[in-house]
Amino acid sequence: MSSPRHRLAPARGRTGADTPVKAACEVLGRRRQGPYWVLSFAAREIAERARPGQFVEIAVDAPHSLLRRPFSIAGVSRQGVAAGTVDVVFDAHGPGTAWLSTVATHDVLDIVGPLGTPFPLPQRKVNCLLIGGGYGSAPLFYLGEKLVAQGLRVDMIVGAATEDRILGTIEAKRLSATVTFTTDDGSYGTRGRVTDVLADTVAATGAGVVYACGPNPMLRAVSEGCVELGVPVQVAVEELMGCGIGACFTCVMPLRGRDGEVTMRRTCIEGPVFNGARIAWDETRVRLGPTVEDEPDEPPARPTDAELWGER
Amino acid sequence: MSSPRHRLAPARGRTGADTPVKAACEVLGRRRQGPYWVLSFAAREIAERARPGQFVEIAVDAPHSLLRRPFSIAGVSRQGVAAGTVDVVFDAHGPGTAWLSTVATHDVLDIVGPLGTPFPLPQRKVNCLLIGGGYGSAPLFYLGEKLVAQGLRVDMIVGAATEDRILGTIEAKRLSATVTFTTDDGSYGTRGRVTDVLADTVAATGAGVVYACGPNPMLRAVSEGCVELGVPVQVAVEELMGCGIGACFTCVMPLRGRDGEVTMRRTCIEGPVFNGARIAWDETRVRLGPTVEDEPDEPPARPTDAELWGER
Amino acid sequence: MSSDVRRLDPAEVAGHGADRAEVDLSTDLAGLALPDPILTASGCFASGREMDRFYDVDRIAAVVVKSITREPRRGLPTPRMAETPSGMLNAIGLQNPGVDAWVAHDLPWLAERGVRVVASIAGKSVADYRAVAEALRAADPEAATIRAFEVNLSCPNVEDRGLVFACDPSVAAEVIRGVRSVAHVPMLAKLTSDVTDIVAVARAVVEAGADGLTLINTVLGMVIDPETGRPALSNTYGGLSGPAIRPIAVRNVHQVHTAMPEVPILGCGGVREATDVIQFLRAGASAVSVGTSTFVDPFIGPTLVEELRTWCAQRGIATVRELIGTCTPWEA
Amino acid sequence: MSSDVRRLDPAEVAGHGADRAEVDLSTDLAGLALPDPILTASGCFASGREMDRFYDVDRIAAVVVKSITREPRRGLPTPRMAETPSGMLNAIGLQNPGVDAWVAHDLPWLAERGVRVVASIAGKSVADYRAVAEALRAADPEAATIRAFEVNLSCPNVEDRGLVFACDPSVAAEVIRGVRSVAHVPMLAKLTSDVTDIVAVARAVVEAGADGLTLINTVLGMVIDPETGRPALSNTYGGLSGPAIRPIAVRNVHQVHTAMPEVPILGCGGVREATDVIQFLRAGASAVSVGTSTFVDPFIGPTLVEELRTWCAQRGIATVRELIGTCTPWEA
Ligand SMILES: Cc1cc2nc3c(=O)[nH]c(=O)nc-3n(C[C@H](O)[C@H](O)[C@H](O)COP(=O)(O)OP(=O)(O)OC[C@H]3O[C@@H](n4cnc5c(N)ncnc54)[C@H](O)[C@@H]3O)c2cc1C
Ligand SMILES: Cc1cc2nc3c(=O)[nH]c(=O)nc-3n(C[C@H](O)[C@H](O)[C@H](O)COP(=O)(O)OP(=O)(O)OC[C@H]3O[C@@H](n4cnc5c(N)ncnc54)[C@H](O)[C@@H]3O)c2cc1C
Ligand SMILES: Cc1cc2nc3c(=O)[nH]c(=O)nc-3n(C[C@H](O)[C@H](O)[C@H](O)COP(=O)(O)O)c2cc1C
Ligand SMILES: Cc1cc2nc3c(=O)[nH]c(=O)nc-3n(C[C@H](O)[C@H](O)[C@H](O)COP(=O)(O)O)c2cc1C
Ligand code: FES
Ligand code: FES
């Protein structure tokens, strides 16, 4: 790809590995993946700093739109010909994402990132169950690669409303020891929600930790399921974001501290990855989607949150 | 050009020859002409109805922009391979015109037109002097073709600030018996304003009518010059337009009626072509630009407004 | 496609759903029966004739004509407008031919074309307003064409800048009483949002005899040319309109409807798409009027009617009237 | 490039004109000397620390921090925001840790970083406001960090919806007198445009002891989800901000400056580009504060400073102060 990348101004911001930058990013490609779009862009500083679970904020040029749009980082390349590339996977449903689905290779996007908290990686050996819903699976593949590279066993549950909305069947199979697919209508895999198979899968895979990303009602159900099962759970939530950088306080989730007190935490800077057991779901507007039907028999001993990554 | 024109919806509106339509128009090309842009688009209904002096209103997609932008029709093709093509010439100076300078061939523009009053054509044989300033020359070439086709002699004065802002040197020479170029800085043709050469040119060409298009201060000077010379003058003025279709009353010019009373007339529907002698320039914000320096000696007998086209 | 080119085209949407034809779009606005809830906004549709070049304007549910004053008004000098982010600023100064000329020239044309007219009345004094209403009643005593009055209490562009009737509940009420005493048709009071308490003004004019309310007129604003330091408008200040003010307009409608659910409201401000109409209806409006969007799309009225029909059909909504006032606040 | 990607980049413009370095951007805001006229807007820069991830926030002329209340505030439930045409609507409910926690955690960091702070004070009663001011004075008696107070009289999101201090001149004045009695730094009163007569409110608070005014806070608005009929915000109404309201803000500044030319004004509302800053200065503001645009561009503050420098240099303007109040209305 003959790229005018050298003409782009350097990203603005600090050089620290944990700080976000604002960069003019050349679009390297945009392609369909099932019902979703995969967008790749050149963003060396973001690629170097990104960790799974973090997101970027992309300025969109949709009519009369003002605010950036947040997207989870679905993957980065740090080496080789594609070094400095960042991918996001998105669903074109509103004006901003519709506009994004029309950008052309070599267009330049204004992007801020990486933002938010990454998924914490286990500090000890444990089997990891990754649960993705819709485009929420994208960042989990990125996480899964890290976990596998760390020598951990990864299993997945990938859910969607219908077969054609399942993201990354092949990636899921390649990455994980086992994959369970669920669809609401049974058009692919097990009929039902991801939580319908949660307990069985945890039991079957000996999962010691669950990571989930997808619609908030799914995350609520997964979190509550994991609490019942006694499995630590980290979820990457979505909330309306005015800024994505911690400045506006629009994106809050109620989190219960160890003292039981609930405080409103900004999803964009204290999240989007939260301990799912700590979210005071009752105080959110997130209505329980699917419910866990089966009670697990005799859960195996598993590491606690504290053992895994210190308290979060 | 392999065109998806057949996919475009038909223009909306009435079928009468004197009514405007709203059409989705495919861009056929966009090219530089000196400092200006020439934009060609497919608009069969507009091409068929357009007459010189009329304009179109183009919806622009500049950030946060709402209103259409008006542009004089610089030419149309009614026959041959380019049938149904309309050209406009524009200067990219603000966000709307900057955006327009980025449209690509096959893009679809939303255009309303033709709008406004055309230049009235003389009903008797008379020499015509056409005076254009900047991009204002564009519609005059279109007018000039009509006049020449009617067997009339056409002469031109083409003015601009500097040589590189003169539009259509070749077109001007091809069309007219004589062309006088003026530039403010003398970089091309006569140094000065178009009005500096007005009296001489009128005398030399025996012009019986003046048509002018360009910045309003130039039109004021030309109008006042023509009044002094006793030559009928038709000018196509510019005023801020909210709608271009007569609905908002933002675009008014003060016109003096035969009774001496001044009324505010909408440029978009009762203009943009007005009898320059009727405009109450004193009551406008248009400050006199150039002034006519030389008094003409003994102007030849010329047809009056009434004789040319009935009172306007 | 351009920013204000709409995606949905009536020709396209006409194919969808079998029940489109069955959707009942009719509504009632303060006793005025309307085939659909899409009206024009005063000052944004001129006399009606200009728009008739594009399509038969009797297709419009009702045309709210440009405000009419007792005497002819020349209006303000240019510049009269400026574009703003997602909006525009205008100061026209109520240019109009005066009620006598309007009755002589515009009314007959509208009558002949069978247009349902809402006559917008403006003035500098209570006597002015009443005189216009009287002249209109005299010209159309049977209300064959003029089906309602809209009393423009809120134009910020009149010469006497201190006097914006709609800013003072008692002054506004006085005007309404004046017009009421001679009005032979339902009367809407058009208010401005530029007040501390819109509900207080609304209450005052309703008590004075307004049959309904038009909410809202433009919001007072200003643009300065950074280079010259001159106001963009010759009048210094002007009225802000268009999508930029839509959230302000919806809020006003909701506030007034919540306080006085029985008062019919004509919603106005930034309507551009069918979903905007739905917002106004749910907030409590019985119909909407479309202003600035007409400048961008002369076909906006008929287009919105078709979009609205499709929107309702797709959701199994049998009549738009069932949407009015159906905004449900979140439980605390 | 995207709609809100700005064309001018400081790195690019830095090359222009030899006199850029000589342009004097410094200004004075009610006795507070500032190196340039670009401040942050309350509630749009959090505590300062979040933005310091991008650049040294002590580069900002002054940081107006998120409004501080006596007690900690949890704020409102989500949804707290909605996008609108060229703007946004928000209802945060003044989430903040309370003055004690702010003094304990935020102030020391700001002090250490040498940030010039304007402390925004909010409350539910005069006593509340005064208590916050007292606590702030106690924490920084020498005004080493807290250089001014901004009294937020206009937040429409407090629980007690009837009580918007800035809507009533006498109530607003009472708050200002309360804070004045304990304030040790210049005090700005932040007003809302949602009143019938902004000049009356401005006059009342100035007479009560405000050293300057911040104009304006957000404009009350509403968005309804057309599908569900729910307000887009859990609070039903929210504050409209961003470029959409800029013409309203400029008008307020011009009105108040025209009536009281000697009163310093901090302009606020929809600032996005250098030319917007010029509009506010010409309308009569001594400086501006930037809110919503920060959400779109974290670097907006430093960028505006560079753009402003270039704008002035290109026009031979030696000091931005010479622009203040230089709007010349058209001759009639
Ligand atoms: C941390 C985070 C990560 C995300 N990752 C992805 C991703 O990887 N792929 C993807 O397709 N989408 C993702 N989303 C959702 C995505 O941001 C929205 O789909 C997008 O903003 C919608 O913009 P729109 O203009 O198309 O739609 P509209 O609905 O018109 O947007 C209007 C406003 O609502 C906001 N909004 C709408 N939907 C959402 C949502 N679900 N979450 C947050 N804000 C929303 C928009 O940002 C905008 O401000 C993520 C959201 C968050 C918060
Ligand atoms: C009848 C008519 C015919 C015209 N024909 C041509 C033409 O053939 N070629 C050409 O280059 N220009 C023409 N213009 C001017 C052209 O419309 C403006 O240059 C254009 O609208 C500027 O838009 P912008 O967004 O680039 O600039 P901005 O200055 O940012 O525009 C802001 C607003 O001001 C209006 N505006 C700005 N300049 C003018 C102007 N000179 N006249 C009217 N409105 C203006 C815009 O329409 C817009 O509403 C014509 C104007 C009129 C009224
Ligand atoms: C150019 C223009 C002229 C207007 N003239 C009038 C008028 O004469 N009488 C009136 O009551 N309202 C007038 N208005 C206000 C509109 O009727 C309407 O209330 C306002 O523009 C908000 O609606 P919109 O956002 O759909 O334009 C005018 C508005 C514009 C933009
Ligand atoms: C998310 C958000 C939170 C805000 N919080 C406060 C606040 O706590 N105190 C205050 O005085 N103003 C607050 N404001 C108002 C801003 O300070 C500013 O007055 C307003 O947004 C207009 O400026 P803008 O258009 O530049 O955003 C807030 C605005 C927004 C958008
Ligand atoms: S989105 Fe602004 S604080 Fe999180
Ligand atoms: S531009 Fe609207 S009436 Fe002429």
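This text gives an overview of the structure that appears in the document. (Residues numbered from 1 in each chain as written. Chains lettered and ligands numbered in written order. Predicted model: local features only at pLDDT ≥ 70, side-chain atom pairs only at ≥ 80, totals over all residues. Heavy atoms only, no water.)

### Topic: the overall build of chain A
Item 1. A count of helical and extended segments in chain A gives seven helices and 17 strands.
Item 2. For 312 residues, the compact-globule formula gives about 20 Å, and the C-alpha radius of gyration of chain A, at 19 Å, lands near that figure.
Item 3. Over its C-alpha atoms, taken along the principal directions, chain A stretches across nearly 60 × 45 × 40 Å.
Item 4. Looking at chain A as a whole, 59% of its 312 residues are labelled buried.
Item 5. Here the contacts in chain A between residues at least 6 apart in sequence split such that 65% fall between residues at least 24 apart.
Item 6. Put simply, chain A shows about 12,200 Å² of open surface, and 49% of that area lies on carbon and sulfur atoms.
Item 7. If the 33 positive side-chain charges of chain A are averaged to one point and the 36 negative ones to another, these points end up 8 Å apart. (Helix = DSSP H or I, 4+ residues; strand = E, 2+ residues; numbered from the N terminus. Rg over C-alpha atoms; globule rule 2.2 N^0.38 Å. Buried < 20%, exposed > 50% of the residue type's maximum accessible area, 1.4 Å probe, protein only. Contact = heavy atoms within 4.5 Å. Areas by Shrake-Rupley, 256 points an atom, 1.4 Å probe, with all protein chains shown as cover. Lys, Arg positive; Asp, Glu negative; His and termini not counted. Charge placed at Lys NZ, Arg CZ, Asp CG, Glu CD.)

### A few points about helix α7 (residues 246-259) of chain C
Residue and element names in this part refer to chain C.
Item 1. A rise of 1.5 Å per residue sets the reference length of α7, with its 14 residues, at 20 Å; its end C-alpha atoms lie 20 Å apart and thus fit the reference within 8%.
Item 2. The buried fraction of α7 is high, at twelve of 14 residues.
Item 3. For α7, the set of buried residues is Arg246, Pro247, Ile248, Ala249, Val250, Arg251, Asn252, Val253, His254, Gln255, Val256 and His257. (Expected span 1.5 Å × (residues − 1).)

### Comments concerning unusual backbone geometry
Item 1. Cis geometry is found at the peptide bond from Gly271 of chain B to Pro272 of chain B, where omega equals 10°.
Item 2. Here Pro272 of chain B lies in the loop between β16 (262-266) and β17 (273-275).
Item 3. Of the consecutive residues Thr78 of chain D and Pro79 of chain D, the connecting peptide bond is found in the cis state with omega at -5°.
Item 4. Among the structural elements, Pro79 of chain D can be located in the loop between β4 (63-64) and β5 (81-84).

### Notes on the packing of aromatic side chains
Residue and element names in this part refer to chain B.
Item 1. Applying the stated criterion across every chain, the model contains 14 aromatic pairs over all chains.
Item 2. Relative to Tyr135, the ring of Tyr36 has its centre 6.4 Å away and its plane inclined at 85°; by these criteria the two rings are edge-to-face. Pair noted here: Tyr36 is in strand β3 (residues 36-42) and Tyr135 is in the loop between β9 (127-133) and α3 (137-149), with a separation of 99 residues, a long-range link.
Item 3. For Tyr135, a relative accessible area of 32% translates into the label partly exposed. (Phe/Tyr/Trp six-rings, centres within 6.5 Å; stacked < 30°, edge-to-face > 60°.)

### Regarding the interface of chain D and chain C
Item 1. Residue-level contacts link 50 residues of chain D with 50 residues of chain C.
Item 2. In total, about 4,200 Å² of surface goes out of reach between chain D and chain C, with carbon and sulfur atoms giving 60% of it.
Item 3. Summed over the shared surface of chain D and chain C, the result is four salt bridges.
Item 4. Asp194 of chain C is the partner of Arg251 of chain D in a salt bridge, and the nearest nitrogen-oxygen pair spans 3.9 Å.
Item 5. Where chain D touches chain C, the interface holds 28 residue pairs in polar contact (both at pLDDT 80 or more).
Item 6. Among the elements of the structure, β11 (219-221), α6 (246-259) and α7 (274-283) of chain D are those that each provide at least two residues to the side of chain D that touches chain C.
Item 7. The leading source of residues in the side of chain D that touches chain C is α6 of chain D, at seven residues. (Buried area = accessible area lost by both parts, 1.4 Å probe. Salt bridge = Lys/Arg side-chain N within 4 Å of Asp/Glu carboxyl O. Polar contact = N/O pair within 3.5 Å; in protein donor to acceptor, adjacent residues only side chain to side chain.)

### Digging into the nonpolar core
Buried together is how nonpolar side chains tend to be arranged in soluble globular proteins.
Item 1. Judged by nonpolar contacts, the single largest core of 235 residues is most densely connected at Phe149, Leu153 and Leu191 of chain C together with Phe149, Leu153 and Leu191 of chain D.
Item 2. Contacts of Leu191 of chain D, omitting those with residues within four sequence positions, involve Leu153, Ser154, Ala166, Ile198, Val201, Ala202, Val205, Leu213, Thr214, Leu215, Ile216 and Asn217 of chain D.
Item 3. Of all hydrophobic cores here, the second largest spans 30 residues; its members include Val126, Leu130, Ala138 and Ala160 of chain A. (Core = buried A, V, L, I, M, F, W, Y, C linked by side-chain atoms within 4.5 Å.)

### Quick notes on the interface of chain B and chain C
Item 1. Between chain B and chain C, the residue contacts involve 40 residues of the former and 45 residues of the latter.
Item 2. In this assembly, chain B packs against chain C so that about 3,800 Å² is buried in total across both faces, 58% of it on carbon and sulfur atoms.
Item 3. For chain B, the biggest contributors to the area lost against chain C are Arg12, Arg14 and Leu66 of chain B; these three give 20% of the whole.
Item 4. Across the contact surface, chain B and chain C share five salt bridges.
Item 5. For Glu83 of chain C, the salt bridge is made with Arg69 of chain B, and the minimal N-O distance between the two is 2.8 Å.
Item 6. Remark: the boundary between chain B and chain C carries 14 residue pairs in polar contact (both at pLDDT 80 or more).
Item 7. Counting only elements with at least two residues in the side of chain B that touches chain C, the list comes to β1 (12-13), β2 (21-33), β8 (108-115), β15 (252-256) and β16 of chain B.
Item 8. In terms of residue count, β8 of chain B provides more of the side of chain B that touches chain C than any other element does, four residues in total.
Item 9. Of the residues assigned to the side of chain B that touches chain C, the class counts are 22 nonpolar, seven polar and eleven charged. (Nonpolar A, V, L, I, M, F, W, Y, C, P; charged D, E, K, R; others polar.)

### A closer look at the sheet that holds strand β12 (residues 190-191) of chain B
Residues and elements named next belong to chain B.
Item 1. Taken together, the seven strands give an open sheet; going across it, the order is β12-β11-β10-β9-β13-β14-β17, and neighbouring strands pair in mixed fashion. The open sheet has two edge strands, β12 and β17, and neither has a second partner.
Item 2. Sheet topology places strand β11 (residues 179-183) next to β12; two bridges connect them, and they run parallel. Within the sheet, the bridge partner assigned to Thr182 lies in β12 and is Thr190.
Item 3. Across the sheet, helix α6 (residues 216-229) touches β9, β13 (207-213) and β14 (233-236), and the angle it forms with β13 is around 165°. (Pairing = 2+ DSSP bridges. Axes fitted to C-alpha atoms, helices over the stretch in contact; angles between N-to-C directions.)

### Brief notes about the pattern of salt bridges
Item 1. Tallied over the entire structure, the rule returns 56 salt bridges over all chains.
Item 2. Two residues, Asp110 of chain B and Lys22 of chain B, come together in a salt bridge whose shortest N-O distance is 3.6 Å. With Asp110 of chain B in strand β8 and Lys22 of chain B in strand β2, this residue pair connects regions lying 88 residues apart in the sequence.
Item 3. Taking the relative accessible area as the measure of exposure, Lys22 of chain B reaches 15% and is therefore buried.
Item 4. Its salt-bridge partner being Asp276 of chain D, residue Arg246 of chain D comes within 3.3 Å of it at the nearest N-O pair. Taken together, the positions of Arg246 of chain D in helix α6 and Asp276 of chain D in helix α7 put the pair 30 residues apart, joining distant regions of the chain. One exposure class covers both Arg246 of chain D and Asp276 of chain D, and it is buried.
Item 5. Several salt bridges share partner residues, and in doing so they unite Arg14 of chain A together with Asp52, Asp56 and Arg113 of chain D into one network.

### Considering the packing of α7 of chain D against helix α9 (residues 300-314) of chain D
A pair of packed helices is characterised by two quantities: the angle between their axes and the separation of those axes.
Residue and element names in this part refer to chain D.
Item 1. Running from amino to carboxyl end, α7 crosses α9 at an angle of 70°, the nearest separation of the two axes being 9 Å. It follows that α7 is roughly perpendicular to α9 by the angle criterion. Between α7, through Ala274, Thr275, Val277, Ile278 and Arg282, and α9, the contact on the second element is made entirely by Leu304, Glu307, Leu308 and Trp311.
Item 2. Split by residue class, the contact of α7 with α9 holds six nonpolar, one polar and two charged. (Parallel < 35°, antiparallel > 145°, perpendicular 65-115°, else oblique.)

### Things to note about the relation of the copies chain D and chain C
Item 1. The transform that puts chain D on chain C rotates by 180° and translates by 0.0 Å along the axis, for an RMSD of 0.0 Å. Between the two chains, the operation in question is that of a two-fold axis.
Item 2. A share of 98% of interface residues in chain D that are also interface residues in chain C marks the association as one of identical surfaces. (Least-squares fit on C-alpha atoms with pLDDT ≥ 70 in both.)

### Considerations on the site of ligand 3
Item 1. Taken together, 22 residues surround ligand 3, and among them Ser42, Ser67, Lys190, Gly270 and Thr292 of chain C come closest.
Item 2. What surrounds ligand 3 is not a single chain but chains B and C.
Item 3. A distance of 2.7 Å is found between an oxygen atom of ligand 3 and a backbone nitrogen or oxygen belonging to Ser42 of chain C.
Item 4. Between ligand 3 and the protein, one listed contact pairs an oxygen atom with a side-chain N or O atom of Thr292 of chain C at 2.6 Å.
Item 5. Relative to its unbound accessible surface of 610 Å², ligand 3 loses 97% to contact with the protein.
Item 6. Taken together, the residues of the shell around ligand 3 break down into seven nonpolar, 13 polar and two charged. (Near = heavy atom within 4 Å.)

### So, the environment of Leu304 of chain D
Item 1. Here Leu304 of chain D is to be found in helix α9.
Item 2. Placed 36 residues apart in sequence, Leu304 of chain D and Cys268 of chain D show a C-alpha to C-alpha distance of 14 Å.

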